[in-house]
Structure formats: C-alpha cells, structure tokens
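# Breakdown of the fold
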Amino acid sequence: NLGNSAGNYTAEQFQEDFPQFFTGLGESLLPRTMLDEFIRQANAAIQPDKWLDGWRYAAGLYTAHYATLYLKTYAPSSETPGQAAATGALVASAKLGQDSVTYDTDALTKATEDWGDLNATQYGQLLATKARLVGMGGSYVL
C-alpha cells in the first residue's frame, strides 16, 4: 500500500462525468453538503499515486456509489418516525399482482463479496473490480 496522496476531485468534475446526478438546470439531486462529503471521502480514499490515469474515473465511481446509496434512502420529509425509518429499508423482492422480478447477482458480486457496501450499486461494483486490478502488484522478471 504505497502512496499517501490526496485527490482534488471536484463537484464540477463529478457533474461533467456523471450528469445523471444533476437536473437539466445543473442542480445536484443531493443536498450540496452530502455531495461535498462524498467528494471529500473520495479524495481521501482514492489516491492518485496508486490509481494513476484511472484516478478521476475511480473518484467519480466512489462519489456516484455513495450518492446512489444516499438517494435510495432520500425523502424530502417524513410525517412519522415509521416513515423516516422506512427510508432505510431494503427490499428483497418485488411483486405486483401475479408478476414478480428476481435478479441473480451472484456472478457480479462473487469476486468482490468481501468488499462491503460496494456491491450495493453498479458504480460500487465497477469501483471494486477496478480496485482489484489497481491492488495487484507489478511483476518482477529475472
């Protein structure tokens, strides 16, 4: 784990790289304080001297992952404590009448099953996959 540099990813770069998190008018779908926090965390966690040319993409994936998790639980307000608590509930399956949907994500998550919440979004899965490659050491040939 060589390296200890901090990144300088910005909200402007995130908007350019991941416009789906912004309205057509350029407003963030997240409260600015949360967006800034996720970017701050990305700059601390995704070190440029380890990621080299892939650093900006990795910092964006990190930010997009946590923005997605936040938005999954977001509600502008709640009328009762129960409603507030329900914003963090996980749905295991969905059924409407006789129709239901089931996703088999085992193949996607098997290689990164010990990577915590990164399996919770496609952004996190991409980041974990890239991180495995970054974490592989170089070769030494005699």
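Refer to the structure presented above.
Residues numbered from 1 in each chain as written. Predicted model: local features only at pLDDT ≥ 70, side-chain atom pairs only at ≥ 80, totals over all residues. Heavy atoms only, no water.

Take the packing of aromatic side chains next. Two numbers describe a pair of aromatic rings. These are the distance of the centres and the angle of the planes. Applying the stated criterion across every chain, the model contains 9 aromatic pairs. Ring geometry for tyrosine 9 versus tryptophan 55: centroids 6.1 Å apart, planes at 85°, classification edge-to-face. Here tyrosine 9, found in the segment before helix H1 (11–17), pairs with tryptophan 55, found in helix H4 (residues 55–73); they are 46 residues apart in sequence, far enough to count as distant. Classification of tyrosine 9 by relative accessible area gives buried; the value is 3%. Through pairs of rings, three or more aromatic residues link up here, namely Phe14, Phe18, Phe21, Phe22 and Tyr123. (Phe/Tyr/Trp six-rings, centres within 6.5 Å; stacked < 30°, edge-to-face > 60°. Helix = DSSP H or I, 4+ residues; strand = E, 2+ residues; numbered from the N terminus. Buried < 20%, exposed > 50% of the residue type's maximum accessible area, 1.4 Å probe, protein only.)

Looking now at the environment of leucine 69. Positionally, leucine 69 belongs in helix H4. Leucine 69 gets classed as partly exposed once you look at its relative accessible area, which sits at 22%. It is 7.5 Å that separates the C-alpha atoms of leucine 69 and threonine 121, two residues lying 52 residues apart in sequence. Discounting chain neighbours no more than four positions away, the residues touching leucine 69 are Asp117, Ala120 and Thr121. (Contact = heavy atoms within 4.5 Å.)

This brings us to the nonpolar core. Within the largest apolar cluster, 26 residues are counted, with the highest numbers of intra-cluster contacts made by Tyr9, Phe14, Phe18, Phe21, Ile46, Trp51 and Leu127. At the level of secondary structure, the elements contributing two or more residues to this core comprise H1, helix H2 (32–45), H4 and helix H7 (122–135). In terms of residue count, H4 provides more of this core than any other element does, 8 residues in total. With residues near it in sequence (within four places) discarded, tryptophan 51 still touches Ile46, Ala58, Leu127, Lys130, Ala131 and Val134. (Core = buried A, V, L, I, M, F, W, Y, C linked by side-chain atoms within 4.5 Å.)

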